[in-house]
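Structural overview
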Amino acid sequence: ELIKLYGSWLQKPPDTALIYGVMGHFLDADEYLVVREIAQAVREDWRIPVEPPLYALSMEAMLRLPAGGGEGENGGGDPIVEAATLHADARAVGVRLPAPLHVRLLDASLEAFGAVAPSPPQGGEPEVQQEQDGAEEPASAAGGGSSGGDEVSPEALAYLKVALQAAEGL
């Protein structure tokens with residue numbers, strides 16, 4: 001609250017090192033939503049410079065949230081969506097994030113993709129169907145789509161999109 005309401009009792013905003021220290025304290029204390037609130041307050045205050053540590057701390061907090069643990073207006077509380085929103089915001093305001101942060105988001109989104117994407121068929125090779133003229137083609141291309149439960153869900157595609165955006169930042 002002191003960081004959010006500093007304007008009522010300080011002439012200048014608090015030093016960013018102090019803000020990042022407080023964010024780090026709450027991150028270590030597993031108070032991830034408090035870290036997000038502080039980041040939001042800093043981001044909305046034009047007098048406080050927006051720097052990479054702000055995004056590093058807040059993205060790490062979002063990635064540590066349990067699934068469904070966020071209450072964000074932008075994705076139903078999915079931690080990876082929350083982190084991706086911060087990643088996109090950093091890009092929009094011209095803040096260059098360190099490579100390990102891009103890799104952390106890339107890794108988390110690929111893990112989430114792997115958890116919700118359908119597994120490949122046993123044997124590792126695509127099924128092959130015979131056409132009437134004797135030529136073979138993969139089963140997914142034969143009928144204009146897949147034959148059943150192996151379609152990729154929109155959730156899996158969203159994670160893949162986040163991974164691509166994170167990789168683009170590298």
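To be clear, the structure that these remarks concern was listed above.
Scoring rules and cut-offs
- Residues numbered from 1 in each chain as written.
- Predicted model: local features only at pLDDT ≥ 70, side-chain atom pairs only at ≥ 80, totals over all residues.
- Heavy atoms only, no water.
- Helix = DSSP H or I, 4+ residues; strand = E, 2+ residues; numbered from the N terminus.
- Buried < 20%, exposed > 50% of the residue type's maximum accessible area, 1.4 Å probe, protein only.
- Areas by Shrake-Rupley, 256 points an atom, 1.4 Å probe, with all protein chains shown as cover.
- Salt bridge = Lys/Arg side-chain N within 4 Å of Asp/Glu carboxyl O.
- Axes fitted to C-alpha atoms, helices over the stretch in contact; angles between N-to-C directions.
- Left-handed = near helix turned anticlockwise from the far one by under 90°.
- Contact = heavy atoms within 4.5 Å.
- Nonpolar A, V, L, I, M, F, W, Y, C, P; charged D, E, K, R; others polar.
- Parallel < 35°, antiparallel > 145°, perpendicular 65-115°, else oblique.

This brings us to the overall build of the protein chain. Within the protein chain, the secondary structure is distributed over seven helices and two strands. Listed by position from the N terminus, the elements making up the protein chain come as α-α-α-α-α-β-β-α-α. Among the 170 residues that make up the protein chain, the fraction classed as buried is 34%. Of the roughly 10,500 Å² of accessible surface on the protein chain, a fraction of 54% belongs to carbon and sulfur atoms.

This part is about the pattern of salt bridges. In total, this model carries six salt bridges according to the counting rule given. A salt bridge links Arg36 to Glu82, with the nearest nitrogen and oxygen atoms 3.1 Å apart. Of this pair, Arg36 sits in helix α2 (residues 32-44) while Glu82 is found in helix α4 (residues 79-92), placing the two residues 46 residues apart along the sequence. Here the two residues Arg36 and Glu82 agree in accessibility, since each one is buried. In this structure, the salt-bridge partner of Arg91 is Glu168, at a minimum N-O distance of 2.9 Å. With Arg91 in helix α4 and Glu168 in helix α7 (residues 154-168), this pair connects stretches of sequence that are 77 residues apart.

Moving on: the packing of α4 against α7. Angle between the axes and distance between the axes: these two values describe a pair of packed helices. Interaxial distance between α4 and α7 falls to 11 Å at its minimum, and their mutual angle equals 35 degrees. Relative to α7, α4 is oriented so that their crossing is left-handed. Between α4 and α7, the residues in contact are Ile80, Ala84, His87 and Arg91 and Tyr159, Val162, Gln165, Ala166 and Glu168, respectively. Its residues placed into classes, the contact of α4 with α7 shows five nonpolar, two polar and two charged.

With that settled, consider the side chain of His102. If you trace the backbone, His102 turns up in helix α5 (residues 99-116). With residues up to four places along the chain from it excluded, the contact list for His102 reads His87, Leu97, Ala166, Gly169 and Leu170.

Put simply, helix α1 (residues 16-28) and helix α3 (residues 52-64) touch, their axes get as near as 10 Å, and they point 15 degrees apart. By the criterion of interaxial angle, the relationship of α1 to α3 is roughly parallel. Of the two elements, α1 crosses α3, and the hand of that crossing is left-handed. Where α1 approaches α3, its residues Tyr20, Met23, Gly24 and Leu27 are matched on the opposing element by Pro53, Leu54, Leu57, Ser58, Glu60, Ala61 and Arg64. Along the lines of polarity and charge, the residues of the contact of α1 with α3 split into seven nonpolar, two polar and two charged.

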